[in-house]
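# An overview of the molecular structure
Chain residues, written in single-letter form:
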Amino acid sequence: MSALLSKAPAQSGSVLSVKGLTKTFGGLLAVNAVDLEVPRATIVSVIGPNGAGKTTFFNMITGIYEPDTGSIELDGVDLVGLRPDQVTSAGIARTFQNIRLFASMTAEENIMVGRHPRLKAGYLDALLRTRKFREDEAGAHEAAAVLLDFVGLKRQAQELSTSLPYGDQRRLEIARALATNPKVILLDEPAAGMNPRETENLKALIRAVRDELGVTVVLIEHDMRLVMTLSEHITVLDYGTKIAEGLPHVIRSNPKVMEAYLGRGAAAGEYGKQEAGKEGGASA
Ligand SMILES: Nc1ncnc2c1ncn2[C@@H]1O[C@H](COP(=O)(O)OP(=O)(O)OP(=O)(O)O)[C@@H](O)[C@H]1O
């Protein structure tokens, strides 16, 4: 493994600790006093039917929305009130439900942009092409190469991001998030729109992020088979409230969880269908 992708030193305890997080939009209680303890170097999932508050929960953790009440601590550092770029610098990276790559940039350039929060040189250094700037640039190229290799996109380094197949674009987004050198990576529906083969590859990549880099993964995902096979712990939201949490096999048979999914049209089909097919894949 490259020194650039060295595994984080092993420490115990929660890396991310969220308590009583609440957000209202007008009269709508989108997230209601939700707690989440994320042990270091684990893969955990936040699931729930459409509109349950999952993305709003991520948006608060990453500084896009300020919570009405509640606390968010990363390794004991309070994140509430920080801007998204400050949250990234503190050690939380994320990907989005809708792919947000820079369309006019190559795969490599997209990763180099992701590394921006870790650079030391300022604008003046860039203008004058100082030594610090040149070192940063060389480091960014090297990091991009290592990350492209890590996510399996080495050969596509110079291709425009939008010309990549959908599954590769999602992998590139993960590489870009990893370029910020995070302690925790939040993935918002990374398997959305993927075919089964792409989803299998994604599963292996997420495991490698945790196993090889020691980065903690928090996942929002509707693909139940992926959630059940990958997660060590699952938290379930419904109408903004936590209705269950625990090990995958416990969540799978929780009556409240089944009711939350089966009581809603679109999501019911998804949960029912994937649960019916679990003999073929899920082993949690
Ligand atoms: N900026 C906003 N303004 C007003 N209401 C919002 C805003 N963002 C989210 N909501 C509402 O908050 C609730 C939770 O939405 P959110 O997107 O967090 O759910 P979700 O669980 O991520 O859903 P999905 O699985 O469909 O992505 C929904 O009722 C949504 O309409």
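Heads up: the structure comes first, above all this text.
So, here is what we can say about the structure in this document. (Residues numbered from 1 in each chain as written. Predicted model: local features only at pLDDT ≥ 70, side-chain atom pairs only at ≥ 80, totals over all residues. Heavy atoms only, no water.)

Now for the overall build of the chain. What the chain contains, in helices and strands, is eleven helices and ten strands. The buried share among the 284 residues of the chain stands at 50%. As displayed, the chain offers around 13200 Å² of accessible surface, 53% of which is attributable to carbon and sulfur atoms. (Helix = DSSP H or I, 4+ residues; strand = E, 2+ residues; numbered from the N terminus. Buried < 20%, exposed > 50% of the residue type's maximum accessible area, 1.4 Å probe, protein only. Areas by Shrake-Rupley, 256 points an atom, 1.4 Å probe, with all protein chains shown as cover.)

Turning our eyes to something else, we now look at the sheet that holds strand β1 (residues 14-25). Read across the open sheet, the four strands follow the order β2-β1-β4-β5; overall the sheet is antiparallel. Both edges of this open sheet fall to β2 (28-39) and β5 (77-78), since each of them pairs with a single strand only. The pairing of β1 with strand β4 (residues 69-74) spans five bridges and is classified as antiparallel. Each residue of the ladder has a partner; that of Lys19, found in β4, is Ser71. (Pairing = 2+ DSSP bridges.)

A word on the site of the ligand. Taken together, 15 residues sit near the ligand, with Gly51, Lys54, Thr55, Thr56 and His222 positioned nearest. One of the backbone N or O atoms of Ala52 is found 3.0 Å from an oxygen atom in the ligand. Separating an oxygen atom of the ligand from a side-chain N or O atom of Thr56 is a distance of 2.6 Å. About the coverage of the ligand: the protein hides 65% of its 640 Å² of free accessible area. When contributions to the shell around the ligand are tallied by element, the ones reaching two or more residues are β2 and α1 (54-61). Here the element with the most residues in the shell around the ligand is α1; it accounts for three residues. In terms of residue class, the shell around the ligand is made up of six nonpolar, seven polar and two charged. (Near = heavy atom within 4 Å. Polar contact = N/O pair within 3.5 Å; in protein donor to acceptor, adjacent residues only side chain to side chain. Nonpolar A, V, L, I, M, F, W, Y, C, P; charged D, E, K, R; others polar.)

Attention now moves to the pattern of salt bridges. Counted by the stated rule, this structure contains twelve salt bridges. The partner of Arg94 in a salt bridge is Asp188, and the shortest N-O contact between them spans 3.7 Å. Here Asp188 lies in strand β7 (residues 184-188) and Arg94 lies in strand β6 (residues 92-95), a separation of 94 residues in the sequence. Note that Lys203 is salt-bridged to Glu200, the shortest N-O span being 3.4 Å. Of this pair, Lys203 and Glu200 both sit in helix α7 (residues 196-213), three residues apart, which is roughly one turn of the helix. On the basis of relative accessibility, which here comes to 46%, the residue Glu200 falls in the partly exposed class. Members of the salt-bridge network, linked through shared partners, are Arg40, Asp75 and Lys183. (Salt bridge = Lys/Arg side-chain N within 4 Å of Asp/Glu carboxyl O.)

Here we take up the sheet that holds strand β3 (residues 43-47). The six strands are arranged β6-β7-β8-β3-β9-β10 in an open sheet whose pairing can be described as mixed. Edge positions in the open sheet fall to β6 and β10 (241-246), since each of these has one partner strand only. Each neighbouring strand pair of the sheet contributes to a mean axis angle of 20°, computed without reference to strand direction. Examined bridge by bridge, β3 and strand β8 (residues 216-220) share four bridges and lie parallel to one another. Residue Val44 lies in a different strand from β8, and its bridge partner there is Val218. (Axes fitted to C-alpha atoms, helices over the stretch in contact; angles between N-to-C directions.)

Another aspect to go through is unusual backbone geometry. Positive phi values are uncommon outside glycine, yet Ala33 reaches one of about 50°. Look at Asp75: it is not a glycine, yet its phi comes out positive at around 50°. In this structure, Asp75 sits in the loop between β4 and β5.

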